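Coordinate inspection notes
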Amino acid sequence: MPAIVIVGAQWGDEGKGKATDLLGSRVDYVVKPNGGNNAGHTVVVGGEKFELKLLPAGILSPNATPVIGNGVVVNLEALFEEIDGLEARGADTSRLRVSANAHLVAPYHQTMDKVTERFLGKRAIGTTGRGIGPTYMDKVGRLGIRVQDIFDESILRQKIEGALRQKNELLVKLYNRRAITVEEIAEYFLSFCERLRPMVVDSTLLLNEALDEGKVVLMEGGQATYLDVDHGTYPFVTSSNPTAGGASVGSGIGPTRITRSIGIVKAYTTRVGAGPFPTELEDKWGEYLQKTGGEFGVNTGRPRRCGWYDAVMARYAARINGFTDYFLTKLDVLTGIEEIPVCVGYDVDGTLHHQMPVTQTEFHHAVPVYETFPGWEEDITGCRSLEDLPENARAYVLALEELSGAPFSAIGVGPGRDQVIQVRDLIS
Ligand code: GDP
Ligand code: IMO
Ligand code: MG
């Protein structure tokens, strides 16, 4: 039975939460393979809005077991705050399972995130300030603390001591901050032990046994292809691998078991934080998309930068992730625009590029080459099939599909769970 991965095809906030929720009733497990509480996934059910940060959006699907995978970095304070918030609204979070190998965000990681951003000055990344980068740095640097470590106090203290020896040098000597004691960090982590213990599992065994039994496992990637530390617009990226390959690593589900790789892509483009963005609009259209699309970050409340659809980016994302399908979202936001430009190539210092340029310098110099499509005026939020769409909207979708490198299997026409055109089944 299939393991399916959902991947953001742009710079995040494409509607991965909605896509997960749509499939949620038909899957047995929803795993978050990467990232942490830097994500913000919105799900609208029956007019009620839920915003998930650390938890996979699948937690709102009553029949699915949500799993925080080994590739995630977990802020335990944020985890329990989110659980309590959902429980207070009547959601059942009791099925949640957490990988014993996931790394933990410590208070000093959040401090390091903030001070390093300040230190970078004009070159700052515009991170979410959640300590995500520094936690992944410690993981790769072999100074990390994992979920399982807090259940062995002696190991926990040894690891904290190792991490703090280096951290305190940096904090005190470089960043002019106070030193942190082993005791305060140990106390912080140990305070969560009792509540966390029943959730902790060997998630790779759980998920692979589920696949053996014919269950369906959905991996809900956080962030997106262009925020991937290997494949994104480095250094303006997050510190994990939100691409399809990363989902395999971050869940322990081997690549041969993944049968479907679904790219979630907005009918235009947005970005939060710093970094290059060829189709960015700094005119009234940028403001229009931001306002009409409600483009404000779920996590930090920052306004999202907005621009037209970029088919060069979509083709690259399809290649990197081996997309079998695309889920196009927010088509309804374009309703009422007379002519809709789509970026079909880049002019880089006089050379035309149809594929993503190799170097950062070229991407910074990329000037979009646009093709323009006629818009539509009709309200499309009630459309449920391609035939229901006004002719120009259908032509726009088909043109995008032709340019983007994978078939469009679903099209979002509103934020609600049912506001979708399903062209082909995304699970079987
Ligand atoms: P994620 O991080 O990829 O899960 O996306 P976010 O939740 O951060 O941002 C996507 C926003 O678009 C949310 O407010 C969703 O409710 C909304 N959304 C998703 N799909 C559609 C759609 O097809 N149409 C409209 N109008 N809104 C959508
Ligand atoms: P979802 O899952 C959009 C961006 C930040 C910043 C960069 C690095 O909702 O799509 P980090 O705190 O991760 O070190 O920040 O990545 N970023 C996101 N942008 N959506 C997200 O998640 C993001 N997660 C991180 O704005 O530019
Ligand atoms: Mg988001």
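Residues numbered from 1 in each chain as written. Chains lettered and ligands numbered in written order. Predicted model: local features only at pLDDT ≥ 70, side-chain atom pairs only at ≥ 80, totals over all residues. Heavy atoms only, no water.

1. A look at the UniProt feature "binding site: Mg(2+)" (unreviewed entry) in the chain
When the UniProt feature table is mapped to this numbering, "binding site: Mg(2+)" (unreviewed entry) covers Asp13 and Gly40. The named residues occupy 28 residues along the chain; their greatest pairwise C-alpha distance, 7.5 Å, places them in one compact cluster. Along the chain, the position of Asp13 falls in the loop between β1 (3-8) and α1 (16-24). Sequence-distant contacts of Asp13, defined by excluding residues within four places in its chain, comprise Gly40, Lys266, Val272 and Arg304. Positionally, Gly40 belongs in the loop between β2 (29-32) and β3 (41-45). For Gly40, a relative accessible area of 13% puts it in the buried group. (UniProt positions renumbered as here; feature names shortened; annotations may be inferred. Helix = DSSP H or I, 4+ residues; strand = E, 2+ residues; numbered from the N terminus. Contact = heavy atoms within 4.5 Å. Buried < 20%, exposed > 50% of the residue type's maximum accessible area, 1.4 Å probe, protein only.)

2. Quick look at the site of ligand 2
Surrounding ligand 2, one finds 20 residues, the nearest of these being Lys16, His41, Thr128, Gln223 and Thr238. A distance of 2.9 Å is found between an oxygen atom of ligand 2 and a side-chain nitrogen or oxygen belonging to Asn38. Of the residues in the shell around ligand 2, the class split is six nonpolar, 11 polar and three charged. Here the shell around ligand 2 gathers at least three residues from each of two domains, domain 1 (3-93 + 202-422) and domain 2 (103-196). (Near = heavy atom within 4 Å. Polar contact = N/O pair within 3.5 Å; in protein donor to acceptor, adjacent residues only side chain to side chain. Nonpolar A, V, L, I, M, F, W, Y, C, P; charged D, E, K, R; others polar. Domains from an automatic or database assignment.)

3. Looking at the coordination of the magnesium ion (ligand 3)
Coordination sphere of the magnesium ion (ligand 3), protein contribution only: Asp13 (OD) and Gly40 (O), at 2.0 to 2.1 Å. You can see Asp13 sitting in the loop between β1 and α1 and its partner Gly40 sitting in the loop between β2 and β3, a full 27 residues away along the chain. Given the relative accessible area of 23%, Asp13 is considered partly exposed. (Donors = N, O, S within 2.8 Å, 3.2 Å for Na, K, Ca; no water.)

4. Structural notes on the nonpolar core
Ranked by size, the top nonpolar core spans 67 residues in total, and within it Tyr309, Tyr326, Leu328, Leu331 and Tyr396 carry the most contacts. The greatest single-element share of this core, amounting to seven residues, is contributed by helix α11 (residues 311-321). Contacts of Tyr396, omitting those with residues within four sequence positions, involve Ala267, Tyr309, Leu331, Leu334, Ile340, Val342, Phe373 and Trp376. (Core = buried A, V, L, I, M, F, W, Y, C linked by side-chain atoms within 4.5 Å.)

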